[in-house]
Amino acid sequence: MIDLHNHILPAVDDGSRNWDMTLEMCRIAKEDGITHIVATPHANDRYRYDRDRHAELLRELQEKAPGLHFSLGCDFFVSYENIEDAILHPARYAIAGTHYLLVEFSDFQTPHSMTDVLFRLHSAGFGTVITHPERNPVIVQYPDLPSQFVGMGSLIQITADSLTGAWGRSARKMCETLLKNGLVAVIAS
């Protein structure tokens, strides 16, 4: 099993705080049957995304957790600056060796701007994976958006905790609807 969206790199963002926590996350992942983890540090206005630094941490992680395989991607927050940089440097943001990009929309974007962003990213050669749409208030308000995203070629990723109700009733209901409609490609840990 592959964990496609994981904030496992230590002291990089709001995920693992230190190496002890990272190694415990690896232990639990192995117990759960995960064989490959994609480290996805945030690329947003709160956390600086430094692909070279993250790659160094990933190499160190591979040495410390030899029973797992690791790749590097990012949790790409949609902003003008990020989009422009991603179009110029796609390998900086895509999941290693692929054209896939995890895309997180702002809670304040309009539905039209979301589809415009996806069009631009797809035109630049990215395959997009929309992360946790069930937690985005705009997407929840316009529940037909995920099917539009899929129709444009995007994949949908929901969060397991949303499905179990940890993010509230609205997120759980949205997950159930997305699953019922066959729109979910990935369930994140």
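Just above, that's the structure.
Residues numbered from 1 in each chain as written. Predicted model: local features only at pLDDT ≥ 70, side-chain atom pairs only at ≥ 80, totals over all residues. Heavy atoms only, no water.

**Observations concerning the pairing of strand S7 (residues 127–131)**
Among the five residues in S7, five count as buried, and that is most of the element. Taking every second residue as pointing to the same face, both faces of S7 are buried, with Gly-127, Val-129 and Thr-131 on one and Thr-128 and Ile-130 on the other. Bridge count between strand S6 (residues 100–104) and S7: four bridges; the pairing is parallel. Note that in S7 the partner of Leu-102 across the bridge is Val-129. Of the crossover connections in this fold, the one passing from S6 over helix H5 (residues 111–123) to the parallel S7 is right-handed. With three bridges connecting them, S7 and strand S8 (residues 155–159) associate as parallel partners. Bridge pairing links Thr-131 to Gln-157 in S8. (Buried < 20%, exposed > 50% of the residue type's maximum accessible area, 1.4 Å probe, protein only. Helix = DSSP H or I, 4+ residues; strand = E, 2+ residues; numbered from the N terminus. Pairing = 2+ DSSP bridges. Right-handed = clockwise from strand over helix to strand, strands pointing away.)

**Some words on the side chain of Asp-13**
Following the sequence through the fold, Asp-13 ends up in the loop between strand S1 (2–6) and helix H1 (19–31). At 9.1 Å, Arg-53 is the nearest oppositely charged side chain to Asp-13, a buried residue that forms no salt bridge. Within the structure, Asp-13 has its side chain in polar contact with the side chain of His-7 (distance 2.9 Å). Side-chain polar atoms of Asp-13 contact the backbone nitrogen of His-42, separated by 3.0 Å. The residues touching Asp-13, leaving out its near neighbours within four places in the chain, are His-7, Thr-40, Pro-41, His-42 and Tyr-47. (Lys, Arg positive; Asp, Glu negative; His and termini not counted. Salt bridge = Lys/Arg side-chain N within 4 Å of Asp/Glu carboxyl O. Polar contact = N/O pair within 3.5 Å; in protein donor to acceptor, adjacent residues only side chain to side chain. Contact = heavy atoms within 4.5 Å.)

**Things to note about the nonpolar core**
Counting 43 residues, the largest nonpolar core has Leu-9, Leu-61, Phe-70, Tyr-93, Leu-101, Phe-105 and Phe-149 as the members making the most contacts within it. Setting aside residues up to four positions removed in sequence, Phe-149 forms contacts with Phe-105, Met-114, Thr-115, Leu-118, Ile-130, Ile-139, Ser-154 and Ile-156. (Core = buried A, V, L, I, M, F, W, Y, C linked by side-chain atoms within 4.5 Å.)

**Things to note about the sheet that holds strand S2 (residues 36–39)**
The strand order S1-S2-S4 describes an open sheet built from three strands, whose pairing is parallel. On the outer flanks of this sheet lie S1 and strand S4 (69–72), each paired with one strand and no other. Mean inter-strand twist for the sheet, computed between neighbouring axes without regard to direction, equals 20°. As paired elements, S2 and S4 share four bridges and run parallel to each other. Residue pairing in the sheet places Val-38 in a bridge with Ser-71 of S4. Strand contacts of helix H2 (residues 51–64): S2 and S4, with the helix running at about 180° to S4, the strand carrying the most contacts. (Axes fitted to C-alpha atoms, helices over the stretch in contact; angles between N-to-C directions.)

**What to know about unusual backbone geometry**
Non-glycine residue Ala-11 carries a positive phi angle of around 55°. The exposure class assigned to Ala-11 is exposed, which follows from its relative accessible area of 52%. Residue His-132 is not a glycine yet carries a positive backbone phi of 35°. By the element assignment, His-132 lies in the loop between S7 and helix H6 (137–141).

The values are spatial; any link to function lies outside them.
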